[in-house]
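Here's the letter readout for the chains.
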Amino acid sequence: MEKYISLAHGDGGELSHRLIREIFVESFGDGKAALFDAAEITIQNSKIAVTTDSFVINPIFFPGGSIGKLAVAGTVNDLAVSGAKPAYLTCGFVIEEGFPIAELKKIVRDMADEASKTGVKIVAGDTKVVERGSADGVYINTTGIGIYETGKGCSLEFEEGDAILVTGTIGDHGIAVLAARGELGITVPINSDCASLNKMLWEVLEQTDGVKIMRDPTRGGLATTLVEIAEDFHLTMKLDELALPVKSEVHGACDLLGYDPLYLANEGKAIIIVAANEKDKILDILKEFPEGKDAKVIGSIIGKQKGQLLLETPLGSKRLLTRLSGTMFPRIC
């Protein structure tokens with residue numbers, strides 16, 4: 001373990017993984033357990049899901065959203081991919097002295113609007129103000145509570161041949177936020193995919209029985225999230241490079257800047273691993289929603305025990321994918 005925290009510890013990649021495992025899980029939990037987007041707890045024989053998140057995105061307003069919309073959507077999605085119905089949120093604000101009241105009002109309105117769309121209620125909160133220069137505007141922390149319904153959820157029972165789906169194009173959020181910073185002198189006509197997915201994902205769980213796991217590929221991107229699943233459940237997965245849905249604007253920006261869309265952050269996409277005989281039905285359900293219109297099958301489980309993710313190139317060769325290594329760009333969510 002390094003002696004000091006670096007920005008790379010917050011990118012969702014290898015250093016983040018080690019930080020969580022070697023410090024937080026070592027002290028707070030079972031180091032052998034798989035890490036999910038929400039915790040399942042039981043209170044008086046009722047199962048609920050609990051998740052918490054903090055948002056420090058820069059810039060606070062970006063094409064397709066704001067830190068307020070992101071705080072609600074990101075927390076809702078963590079509950080939704082865990083198979084729970086999001087119900088309640090709390091929010092805590094750390095606000096820098098001198099922050100414009102008008103901007104704070106807009107952020108709060110964005111939170112209220114997104115909460116209304118998703119059907120969740122914001123029921124508690126906290127506000128702290130720190131000296132000028134101490135918080136870069138505003139930070140938001142949220143806690144989400146969801147309800148598990150009997151008979152609905154992810155089985156975690158994987159088989160060879162299971163299909164890997166993604167609900168839409170990858171990398172939109174990462175490129176939209178990077179372009180909004182204006183640091184690299186590029187203009188990319190693309191919005192963040194920031195959106196709440198709970199209603200779409202609940203329809204999948206309601207209408208099918210073949211969902212094995214769902215995850216939202218935020219920091220670290222699609223590849224990092226799938227590597228974590230492969231390692232946690234000892235699976236060998238293969239992705240088809242030609243099947244990956246990437247917008248031309250994202251492709252172009254990545255070619256120019258040297259980024260890989262597989263490792264770019266997403267804030268309105270979900271990975272779903274499903275039984276092979278259910279994949280077409282689930283695709284049809286996803287495509288009924290605007291957030292799922294570009295959903296595709298991008299790969300499959302080809303073996304068990306090894307815990308690795310492979311990418312099959314257009315030439316038929318395969319390369320091993322790992323977690324994001326090093327710093328891509330910080331403050332993305």
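Undergrad: Can you lay out the packing of helix α4 (residues 172-181) against helix α7 (residues 248-257) for me, pointing to particular residues and giving the numbers?
TA: It is at 10 Å that the axes of α4 and α7 come closest, and there the two elements cross at 60°. Taken as axis vectors, α4 and α7 run oblique relative to one another. As α4 runs across α7, the sense of the crossing is left-handed. Each of Asp 172, Ile 175 and Leu 178 in α4 lies in contact with α7, whose residues at this interface are Val 250, Ala 253, Cys 254 and Leu 257. Residue classes in the contact of α4 with α7 are distributed as six nonpolar, no polar and one charged.

Undergrad: Let's hear about helix α6 (residues 221-233): which residues, and what values?
TA: Look at α6: 19 Å from first C-alpha to last across 13 residues, which is about the 18 Å you get at 1.5 Å a residue. Burial of α6 is extensive: 10 of the 13 residues sit out of reach of the surface. The set of residues buried in α6 consists of Gly 221, Leu 222, Ala 223, Thr 224, Thr 225, Leu 226, Val 227, Glu 228, Ile 229 and Ala 230.

Undergrad: Describe helix α2 (residues 67-80), and please don't skip the residues or the numbers.
TA: If you check α2, its first and last C-alpha atoms are 20 Å apart, about what 14 residues at 1.5 Å a residue would give, namely 20 Å. Among the 14 residues in α2, 14 count as buried, and that is most of the element.

Undergrad: Talk me through the side chain of Asp 162; I want residue IDs and the actual numbers.
TA: For Asp 162, the location among the structural elements is in the loop between β7 (138-147) and β8 (163-166). Among the polar contacts listed, one links the side chain of Asp 162 to the backbone nitrogen of Glu 159, at a separation of 2.8 Å. In contact with Asp 162, not counting residues within four places along its chain, are Glu 157, Lys 212, Ile 273, Val 274, Ala 275, Ala 276, Gly 299, Ser 300 and Ile 301.

Undergrad: Can you explain the sheet that holds strand β13 (residues 308-312)? Please cite residues and give values.
TA: Pairing is mixed across the open sheet formed by seven strands, whose spatial order is β9-β11-β8-β12-β10-β13-β14. Whereas interior strands pair on both sides, the edge strands pair on one side only; in this sheet they are β9 (211-215) and β14 (318-321). Recorded for the sheet is a direction-independent mean angle of 25° between the axes of neighbouring strands. Relative to β14, β13 runs antiparallel, the two sharing four bridges.

Undergrad: Go over the nonpolar core with me, naming the residues and quoting the values.
TA: Ranked by size, the top nonpolar core spans 65 residues in total, and within it Phe 93, Val 138, Leu 222, Leu 226, Met 237, Leu 239 and Leu 262 carry the most contacts. Apart from the residues within four sequence positions on either side, Leu 222 is in contact with Val 166, Ile 170, Pro 217, Leu 239, Leu 244, Leu 262, Leu 264, Asn 266, Ile 271 and Ile 298. With 20 residues, the next largest nonpolar core counts Ala 80, Val 204, Val 211 and Met 214 among its residues.

Undergrad: Give me the lowdown on the sheet that holds β7, citing residues and values where you can.
TA: In a beta sheet, neighbouring strands are held together by backbone hydrogen bonds and run either parallel or antiparallel to one another. A sheet is described by the order of its strands in space; here five strands give the open sequence β1-β2-β7-β5-β6, paired in mixed fashion. Among the strands making up the open sheet, the edge pair consists of β1 (39-43) and β6 (121-130). Pairs of neighbouring strands in the sheet enclose a mean axial angle of 20°, with direction left out of account. Note: strand β2 (residues 46-55) against β7, eight bridges, orientation antiparallel. Bridge pairing links Ala 49 to Gly 146 in β7.

Analysis parameters
- Residues numbered from 1 in each chain as written.
- Predicted model: local features only at pLDDT ≥ 70, side-chain atom pairs only at ≥ 80, totals over all residues.
- Heavy atoms only, no water.
- Axes fitted to C-alpha atoms, helices over the stretch in contact; angles between N-to-C directions.
- Helix = DSSP H or I, 4+ residues; strand = E, 2+ residues; numbered from the N terminus.
- Parallel < 35°, antiparallel > 145°, perpendicular 65-115°, else oblique.
- Left-handed = near helix turned anticlockwise from the far one by under 90°.
- Contact = heavy atoms within 4.5 Å.
- Nonpolar A, V, L, I, M, F, W, Y, C, P; charged D, E, K, R; others polar.
- Expected span 1.5 Å × (residues − 1).
- Buried < 20%, exposed > 50% of the residue type's maximum accessible area, 1.4 Å probe, protein only.
- Polar contact = N/O pair within 3.5 Å; in protein donor to acceptor, adjacent residues only side chain to side chain.
- Pairing = 2+ DSSP bridges.
- Core = buried A, V, L, I, M, F, W, Y, C linked by side-chain atoms within 4.5 Å.

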